[in-house]
Amino acid sequence: MVKALKDGTPPPKIYTDDRLGDYEYSFENFETATDIKTKVLFLSSNPKGYNVDKLLEFLAKEKTVYLVFIVAVDKDKNITTRLCSMFNKQLLNGTGIISHWAGRNSRGVTQYMGKALEEIVDSFDEKIDFEKCREFLDKCLSDAN
(Lines give C-alpha, C1' and ligand atoms only; values in the text may rest on other atoms or scores of the structure.)
Protein backbone atom coordinates (compact mmCIF):
# COMPACT_ATOMS: atom_id res chain seq x y z
CA MET A 1 0.00 0.00 0.00
CA VAL A 2 2.77 2.43 0.98
CA LYS A 3 4.69 1.67 -2.24
CA ALA A 4 1.57 2.26 -4.33
CA LEU A 5 0.96 5.60 -2.63
CA LYS A 6 4.59 6.68 -3.13
CA ASP A 7 4.67 5.53 -6.77
CA GLY A 8 1.22 6.84 -7.63
CA THR A 9 0.12 3.40 -8.81
CA PRO A 10 -3.17 1.66 -8.05
CA PRO A 11 -3.20 0.11 -4.59
CA PRO A 12 -3.13 -3.66 -4.30
CA LYS A 13 -6.38 -5.49 -3.76
CA ILE A 14 -7.12 -5.55 -0.08
CA TYR A 15 -9.49 -8.15 1.23
CA THR A 16 -10.96 -7.32 4.56
CA ASP A 17 -13.07 -9.97 6.17
CA ASP A 18 -15.06 -8.92 9.17
CA ARG A 19 -14.36 -12.13 11.03
CA LEU A 20 -15.13 -13.09 14.58
CA GLY A 21 -11.52 -13.04 15.76
CA ASP A 22 -8.34 -11.25 14.82
CA TYR A 23 -6.43 -14.54 14.83
CA GLU A 24 -7.76 -17.97 13.98
CA TYR A 25 -5.93 -21.25 14.29
CA SER A 26 -6.99 -24.84 13.83
CA PHE A 27 -5.29 -27.30 16.11
CA GLU A 28 -5.49 -31.04 15.51
CA ASN A 29 -8.51 -31.52 17.81
CA PHE A 30 -10.11 -28.07 18.02
CA GLU A 31 -10.44 -24.69 16.37
CA THR A 32 -9.76 -21.32 18.00
CA ALA A 33 -10.68 -17.72 17.26
CA THR A 34 -8.90 -15.03 19.27
CA ASP A 35 -9.94 -11.39 19.48
CA ILE A 36 -7.22 -8.92 20.48
CA LYS A 37 -8.36 -6.08 22.72
CA THR A 38 -6.18 -3.15 23.73
CA LYS A 39 -6.93 -1.38 26.99
CA VAL A 40 -5.16 1.87 27.80
CA LEU A 41 -5.31 1.75 31.59
CA PHE A 42 -5.30 5.48 32.23
CA LEU A 43 -8.21 6.14 29.86
CA SER A 44 -11.84 5.29 30.47
CA SER A 45 -13.13 3.03 27.71
CA ASN A 46 -15.49 0.13 27.15
CA PRO A 47 -14.30 -1.65 24.00
CA LYS A 48 -16.61 -3.36 21.53
CA GLY A 49 -16.54 -7.12 21.80
CA TYR A 50 -17.93 -9.53 19.24
CA ASN A 51 -20.97 -9.86 17.01
CA VAL A 52 -23.30 -12.26 18.84
CA ASP A 53 -24.54 -13.95 15.64
CA LYS A 54 -20.97 -14.62 14.48
CA LEU A 55 -20.06 -15.99 17.90
CA LEU A 56 -23.04 -18.35 17.94
CA GLU A 57 -22.25 -19.53 14.41
CA PHE A 58 -18.66 -20.26 15.47
CA LEU A 59 -19.59 -22.01 18.71
CA ALA A 60 -22.20 -24.14 16.91
CA LYS A 61 -19.33 -26.00 15.27
CA GLU A 62 -17.82 -28.86 17.23
CA LYS A 63 -14.73 -28.29 19.35
CA THR A 64 -14.39 -24.53 19.11
CA VAL A 65 -12.80 -22.14 21.58
CA TYR A 66 -13.26 -18.36 21.55
CA LEU A 67 -10.51 -16.44 23.33
CA VAL A 68 -9.80 -12.82 24.17
CA PHE A 69 -6.21 -11.58 24.28
CA ILE A 70 -6.02 -8.42 26.35
CA VAL A 71 -3.13 -6.03 25.84
CA ALA A 72 -3.04 -3.41 28.59
CA VAL A 73 -0.84 -0.32 28.48
CA ASP A 74 -0.25 1.83 31.55
CA LYS A 75 0.78 5.50 31.80
CA ASP A 76 4.47 4.52 31.83
CA LYS A 77 4.02 2.53 28.59
CA ASN A 78 4.39 -0.80 30.40
CA ILE A 79 2.52 -3.58 28.63
CA THR A 80 0.71 -6.41 30.38
CA THR A 81 -1.11 -9.17 28.51
CA ARG A 82 -3.57 -11.89 29.39
CA LEU A 83 -5.21 -14.59 27.28
CA CYS A 84 -8.55 -15.82 28.58
CA SER A 85 -11.64 -17.68 27.53
CA MET A 86 -14.76 -15.71 26.68
CA PHE A 87 -16.31 -17.73 29.51
CA ASN A 88 -13.80 -16.51 32.10
CA LYS A 89 -15.82 -15.40 35.12
CA GLN A 90 -14.27 -11.91 35.24
CA LEU A 91 -14.69 -11.31 31.51
CA LEU A 92 -18.22 -12.69 31.36
CA ASN A 93 -19.29 -10.52 34.31
CA GLY A 94 -17.91 -7.51 32.40
CA THR A 95 -19.58 -8.34 29.08
CA GLY A 96 -22.81 -6.62 28.07
CA ILE A 97 -24.98 -7.20 25.03
CA ILE A 98 -25.85 -4.10 23.01
CA SER A 99 -28.75 -4.64 20.65
CA HIS A 100 -29.88 -1.09 19.85
CA TRP A 101 -26.96 -0.54 17.39
CA ALA A 102 -27.49 -3.87 15.71
CA GLY A 103 -29.35 -4.25 12.46
CA ARG A 104 -32.61 -6.03 11.89
CA ASN A 105 -32.67 -9.72 12.72
CA SER A 106 -29.43 -9.37 14.64
CA ARG A 107 -28.77 -10.38 18.20
CA GLY A 108 -26.40 -7.44 18.61
CA VAL A 109 -22.82 -6.99 19.68
CA THR A 110 -21.08 -7.22 23.00
CA GLN A 111 -19.20 -4.55 24.86
CA TYR A 112 -16.56 -5.12 27.52
CA MET A 113 -16.49 -3.02 30.65
CA GLY A 114 -13.06 -1.41 30.82
CA LYS A 115 -12.82 -2.05 34.57
CA ALA A 116 -13.27 -5.79 33.96
CA LEU A 117 -10.40 -5.82 31.47
CA GLU A 118 -8.21 -3.96 33.97
CA GLU A 119 -9.10 -6.46 36.69
CA ILE A 120 -8.20 -9.38 34.42
CA VAL A 121 -4.69 -8.07 33.75
CA ASP A 122 -4.16 -6.92 37.35
CA SER A 123 -5.44 -9.96 39.24
CA PHE A 124 -6.49 -12.78 36.93
CA ASP A 125 -8.87 -15.40 38.27
CA GLU A 126 -9.10 -18.31 35.87
CA LYS A 127 -12.44 -19.57 37.21
CA ILE A 128 -15.40 -20.30 34.97
CA ASP A 129 -18.93 -20.27 36.37
CA PHE A 130 -20.71 -22.84 34.22
CA GLU A 131 -24.21 -21.77 35.27
CA LYS A 132 -23.46 -18.12 34.34
CA CYS A 133 -22.07 -19.33 30.99
CA ARG A 134 -25.27 -21.23 30.28
CA GLU A 135 -27.37 -18.19 31.25
CA PHE A 136 -25.28 -15.92 29.02
CA LEU A 137 -25.58 -18.26 26.02
CA ASP A 138 -29.34 -18.59 26.61
CA LYS A 139 -29.60 -14.79 26.62
CA CYS A 140 -27.58 -14.60 23.39
CA LEU A 141 -29.83 -17.15 21.73
CA SER A 142 -33.03 -15.41 22.82
CA ASP A 143 -32.03 -11.83 21.95
CA ALA A 144 -32.95 -11.84 18.23
CA ASN A 145 -34.73 -8.61 17.26
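Structural data are supplied above this passage.
Definitions and cut-offs
- Residues numbered from 1 in each chain as written.
- Predicted model: local features only at pLDDT ≥ 70, side-chain atom pairs only at ≥ 80, totals over all residues.
- Heavy atoms only, no water.
- Helix = DSSP H or I, 4+ residues; strand = E, 2+ residues; numbered from the N terminus.
- Buried < 20%, exposed > 50% of the residue type's maximum accessible area, 1.4 Å probe, protein only.
- Phe/Tyr/Trp six-rings, centres within 6.5 Å; stacked < 30°, edge-to-face > 60°.

K.L.:
Looking at this structure, how should I read unusual backbone geometry?
P.N.:
Leaving glycine out, the prevailing phi sign among residues is negative, and the prevailing peptide bond configuration is trans. Even without being a glycine, Lys63 presents a positive backbone phi close to 55°. Examined against the element boundaries, Lys63 turns out to sit in the loop between helix H2 (52–59) and strand S4 (64–73). Its relative accessible area of 56% is what places Lys63 among the exposed residues. Look at Lys77: it is not a glycine, yet its phi comes out positive at around 70°. Within the secondary structure, Lys77 is located in the loop between S4 and strand S5 (79–85).

K.L.:
Just to check I follow, could you spell out the packing of aromatic side chains for this structure?
P.N.:
When we look at a pair of aromatic rings, we describe it by the centre distance and by the angle of the planes. Counting across every chain of the model gives five aromatic pairs. Considering the side-chain rings of Tyr23 and Tyr25, the 6.4 Å spacing of their centres and the 10° angle between planes classify their relative orientation as stacked. A residue is classified by how much of its surface remains accessible, and Tyr25, at 40% relative accessible area, is partly exposed. Both rings, one in Phe27 and one in Phe30, keep their centres 4.8 Å apart while their planes meet at 25°; by these two values the pair is stacked. On the basis of relative accessibility, which here comes to 42%, the residue Phe27 falls in the partly exposed class.

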